[in-house]
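Spelled out, the chains give:
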Amino acid sequence: MATSLKSPSDVVNDALRRIGYKLRVASLEDGSEASGLALDIYGQTRDTMLRDGDWMFAQREVVGTQLKAAPPGGYFDASWDPVTYPPQPWGFSFGYPEDCLKVRAVRPQPGFLIDMAPTPTLFNVVNDNGYTPARRVIVANTPTPVIIYAARVTDPQSWSVDFTESLCAALARRLAPSLANLQVEQVEAQDEGISRQMAVRETG
Amino acid sequence: MSNDFYTPTAVAQEALDSAGIDFTLGNITEGSRPAQILLRKYTTCLHQLLRTAHWDFARKSAPLQVVAAQSGQWTDQEGNLVSVPTLVPAGFLYSYSLPIDSAKIRFIPANYWGSTPPIPSDNITPFDGSAPLTNGNGTLPWLTNRLIPSRFLLTSDPNYIPEGASNDIPGVSPIGQTLICSNVPQARAVYTFNATYPNLWDSLFRGALVAFLASEVALPLSTDKKFGMTMRKDNIAVAMQKIQQARVSNGNESWANSDLTVDWMRVRASGGYSSNGWASTWGEGPGILWGGYDGVLFSGNTSAF
């Protein structure tokens, strides 16, 4: 469901209202004190929130792009070489999606529509030093997996109401020490905790 | 079409509800934290629970694939005499491979009535086309006779490891294969199979699995750990009661008799050739509960024996 706040400046203005700040921002680049401070923390706060929650609107599923594969049967006939083979002890490595903030799960390609015997698939996110410079890759033992991840979603109109509420509260807490006072920050910290808790409940 | 009620996700959602976790699951493989934890526990709990009682719905009888015979000879599906390996663990005449879908072997019927005809030509071909050692259909006793359990042994044998064995097939690994040793030729096994489809389960099983799963996820998913501990304890109690009830119900449902003897003992009374205690000389029960069932250890050091 689309949120009523349609732009980053709407989100920041909501946060400013929460801490009792009297002025508004026209945009995050309008040069005011509040917009400057908000611009500094906006992207990182949004990404952290997207990464830490189970927000379904941010979920993406893609087929992994295989980069390297270990020799079938192991390294009995070929010694391990980081340039050719994936980091040990994994069978395959896959490209890290550009807009990925967190890999939530890796699962094999589906066969039946509904898997009646679902089992977890192990994976990890590592730096592969076989590339120069080292490259962040996803490693797993499944040759053609589906990678499920939390994506960076920047358009507030794509967010759920819960997420927008949580982000506004988080921004307010971070802006309070500079634009209001520490007492307000404490209040906002509580507000942020409550909105996060409610959001977790409603996520599914 | 699919009925969503009979899916692992619906079972997992019930478990979340029973654990007091306020979260709506889209799919058990969706990757959210509750889904990840449920996914890690789901199959383990399912397999454990299948072993804790002789669930009627999970009973299966199927012919076994021979791996070795002490005599070195075997009659194949077409009735031809073929050579087979001879290394069989001491004390037994035949080694059979473990059915790929077995959760627990209940018993091997003693087929002392002779062998059955070969499998009809239009029957389903075993999935491993390169395996030449399939035996004929196990012998079924006369229609009116009950199944007599025979002695068998489950053991790991390092002598017959299929090429390319890894860790993807239960009972088959590069360091050994789990075999069933028996003295019954052309043997069938009566076993509990991995009934993964929830629409096969009876309501007690589903209820027990929900409670078992809830007891496993309550603590990791509760923000308030005290609450999580309470929910875990409560769900363990529910699971235990359902398992106990299932053992009684499955025994009763398997053996209809109006005699005034105690049914829960009669269903076990099913001896072999020997005279040994209350399961002596063929016994008089159907052998449904032969071999007993497994206990289950819940979190928090509680168990249902």
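Reading the values: rules and limits
- Residues numbered from 1 in each chain as written.
- Chains lettered and ligands numbered in written order.
- Predicted model: local features only at pLDDT ≥ 70, side-chain atom pairs only at ≥ 80, totals over all residues.
- Heavy atoms only, no water.
- Axes fitted to C-alpha atoms, helices over the stretch in contact; angles between N-to-C directions.
- Helix = DSSP H or I, 4+ residues; strand = E, 2+ residues; numbered from the N terminus.
- Parallel < 35°, antiparallel > 145°, perpendicular 65-115°, else oblique.
- Left-handed = near helix turned anticlockwise from the far one by under 90°.
- Contact = heavy atoms within 4.5 Å.
- Nonpolar A, V, L, I, M, F, W, Y, C, P; charged D, E, K, R; others polar.
- Pairing = 2+ DSSP bridges.
- Buried area = accessible area lost by both parts, 1.4 Å probe.
- Salt bridge = Lys/Arg side-chain N within 4 Å of Asp/Glu carboxyl O.
- Polar contact = N/O pair within 3.5 Å; in protein donor to acceptor, adjacent residues only side chain to side chain.
- Domains from an automatic or database assignment.
- Patch = residues over 30% accessible without salt bridge, like charges linked within 9 Å, V, L, I, M, F, W, Y side chains within 5 Å.
- Areas by Shrake-Rupley, 256 points an atom, 1.4 Å probe, with all protein chains shown as cover.

Before going further, it helps to examine the packing of helix α1 (residues 8-18) of chain B against helix α3 (residues 203-221) of chain B. Residues and elements named next belong to chain B. Taken N-terminus to C-terminus, the directions of α1 and α3 make an angle of 60°; their axes are 7 Å apart at the nearest point. With respect to α3, the element α1 is oriented oblique. Judged by the twist between their axes, the crossing of α1 over α3 is right-handed. Counting all contacts with α1, which are made through Ala10, Val11, Ala12, Glu14, Ala15, Leu16 and Ser18, the residues of α3 involved are Arg206, Leu209, Val210, Leu213, Ala214 and Leu221. In the contact of α1 with α3, the residues fall into 10 nonpolar, 1 polar and 2 charged.

Residue and element names in this part refer to chain A. The 3 strands are arranged β1-β7-β4 in an open sheet whose pairing can be described as antiparallel. Unpaired on one side and paired on the other, β1 (59-63) and β4 (100-108) mark the two borders of the sheet. The mean angle between the axes of side-by-side strands here comes to 25°, regardless of whether they run parallel or antiparallel. Summarising the sheet, β1 and strand β7 (residues 145-151) pair through 5 bridges and their orientation is antiparallel. Opposite Arg60, over in β7, you have Tyr149 as the bridge partner. The sheet contacts of helix α2 (residues 33-52) involve β4 and β7, and relative to β4 the element is tilted by about 20°.

What links the strands of a sheet is backbone hydrogen bonding, and the strands pair in either a parallel or an antiparallel sense. Residue and element names in this part refer to chain B. The antiparallel open sheet is built from 4 strands, whose spatial order is β1-β11-β6-β7. Edge strands, defined here as strands with exactly one partner in the open sheet, are β1 (59-63) and β7 (149-150). Bridging between β1 and strand β11 (residues 188-193) involves 5 bridges; their strand directions are antiparallel. Following the sheet pairing, Lys60 is matched in β11 by Tyr191.

Listed per partner, the contact involves 18 residues of chain A and 22 residues of chain B. Here chain A meets chain B over a buried area of about 1700 Å², counting both sides, of which 64% is carbon and sulfur. Here chain A and chain B share 0 salt bridges between them. Connecting chain A to chain B are 5 residue pairs in polar contact (both at pLDDT 80 or more). Counting residues per element, the ones that place at least two in the side of chain A that touches chain B are β4 and α4 (182-202) of chain A. It is β4 of chain A that provides the largest number of residues to the side of chain A that touches chain B, a total of 3 residues. Split into classes, the residues belonging to the side of chain A that touches chain B amount to 9 nonpolar, 4 polar and 5 charged.

To continue, consider the domain arrangement of chain A. Often, the extent of an interface is quoted as the loss of accessible area upon association of its parts. Residues and elements named next belong to chain A. Considered domain by domain, chain A is made up of domain 1 (2-54 + 159-203) and domain 2 (83-151). Between the C-alpha centres of domain 1 and domain 2 the distance comes to 33 Å. If you look at the interface, domain 1 gives 5 residues, while domain 2 gives 5 residues. Between domain 1 and domain 2 lies a buried interface of about 450 Å² when both sides are counted; carbon and sulfur atoms form 53% of it. Counting the surface domain 1 buries against domain 2, the share from its top three residues, Leu50, Arg51 and Asp54, is 80%.

What follows concerns a nonpolar patch on the surface. A cluster of nonpolar residues, Phe112 of chain A together with Tyr197 and Leu200 of chain B, forms a patch on the protein surface that exposes about 330 Å² of accessible area. Tracing the sequence through the fold places Phe112 of chain A in the loop between β4 and β5 (123-128).

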